[in-house]
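Residue-level structural notes
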Amino acid sequence: MWTFQRPDAVAVLNDRLAKKSLARYFAVMQNHSPAKFLIAKKIPAEFNRSDSTEQLWREHARITEEFGKIQREIDDERRDFRALPTPEKSYLDLKIEIADRILSRCHLCVRKCNVNRLEGKSGYCGCGLEITVSSIFEHMGEEPELVPSETVFTLGCTMRCRHCQNWTISQWMECGQVYDPADLACEVERLRLGGCRNVNLVGGEPTPWLPQWLKTFNYVETSVPIVWNSNSYYSSESAALLAGFADVYLLDFKYGPGRCAEKTSDAPSYWETCMYNHLEAKKHGELIIRILVLPNHLECCARPIVDWIAKNLGSETRVNLMFQYRPEWKAFEVPELSRKLTLDEMQRAIKLAKEANLQNLIT
């Protein structure tokens, strides 16, 4: 029984700061409010296949603003979600149409490879047209509020972290299993009805598969909070499509403003991208931030990250300060990453977070 494995996952239900920062997630998880994707399926969208992509984005921006108002009315019980009719074309359908067009010149991540995935080509991430899954299971190792979490590990990634702990998944060392969106939707519903608190889209990295995820949830009828578990290295277009779809943004904040991201993960402009996507996540959903503390990266990375979070997202932002770093894959190519953290480094990271006045910490 998972309650014995993770008593903190039971205790978190009474954690004041967790409940405050993730209030809507708790409501959806406990079936008091509908997941965002279900609301998106009820909001009508006016578009045709002949419309230009610019026209589609204008309609998307209009509905995104409307979505927030409708969601608040549903949450406040001023509007009955069950009474909403199902439109011929929905906000979710519009997202799918835009996402499919992006695939013709793929720019789901900030690399903007611009390959035509509709013709079977693939870019940096190696992802094609059919979503490829490494594993789907009930995960007991996530943040307490997420456990048990239905994790779907997809292959491929938009970064090359030399210390990647999931490198067989991110670098396509596994064959994986190809899923049709309708079949994947059945898996999502099966585990939610079996007791999982959420569906956790992870990898590798979920970003290259965003069009397929949108299609998958067009088949899902059971309310389940969507946790977007990402390295944060996605484009502004992907960020826009995630608005009104993701319930919880479980985002990495890996590196500070220097060259560490480029040196260690081949991720230029990571700091700027990460800042933008965290601000968008705060605007459109609820946020849990993961900081994997790396050896010898306290001053260059950990300090500026916690300071920025406190200043720009608020001291009550839910932050998981992670100390489980271990050298994996190609970590030994980077001298400072060839060892685990010391106790002094762990204690120093906690001190930095407290000095920044981060109050909603998981360690």
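Our subject is the structure listed above.
Residues numbered from 1 in each chain as written. Predicted model: local features only at pLDDT ≥ 70, side-chain atom pairs only at ≥ 80, totals over all residues. Heavy atoms only, no water.

So, about the pattern of salt bridges. Scanning the model with the defined rule gives 25 salt bridges in all. With its nearest N and O atoms 2.7 Å apart, the salt bridge here joins Glu143 to Arg290. Taken together, the residues span a long stretch of sequence, with Glu143 in the loop between β1 (132-139) and β2 (149-154) and Arg290 in strand β7 (residues 286-292) at a distance of 147 residues. For Glu143, a relative accessible area of 2% translates into the label buried. One salt bridge connects Arg348 with Glu299, and the closest N-O pair in it is separated by 3.2 Å. Pair noted here: Arg348 is in helix α15 (residues 343-355) and Glu299 is in helix α14 (residues 298-312), with a separation of 49 residues, a long-range link. In this structure Arg348 comes out as partly exposed when scored by relative accessible area, which is 27%. On the basis of relative accessible area, Glu299 is assigned to the partly exposed category, the value being 45%. One continuous salt-bridge network, built from bridges that share partners, spans Arg24, Asp75 and Asp247. (Salt bridge = Lys/Arg side-chain N within 4 Å of Asp/Glu carboxyl O. Helix = DSSP H or I, 4+ residues; strand = E, 2+ residues; numbered from the N terminus. Buried < 20%, exposed > 50% of the residue type's maximum accessible area, 1.4 Å probe, protein only.)

Right, let's talk about helix α7 (residues 91-104) for a bit. Between its terminal C-alpha atoms α7 stretches 21 Å, which fits the 20 Å expected from 14 residues at 1.5 Å a residue. The buried fraction of α7 is high, at eleven of 14 residues. Those residues of α7 that fall on the buried side of the exposure criterion are Tyr91, Leu92, Leu94, Lys95, Ile96, Glu97, Ile98, Ala99, Arg101, Ile102 and Leu103. Buried positions along α7 lie against α5 (36-40), α6 (53-75), α10 (210-217) and α11 (236-242). Where α7 begins, the side chain of Ser90 points an oxygen toward the backbone nitrogen of Leu92, at a separation of 3.2 Å. (Expected span 1.5 Å × (residues − 1). Contact = heavy atoms within 4.5 Å. Polar contact = N/O pair within 3.5 Å; in protein donor to acceptor, adjacent residues only side chain to side chain.)

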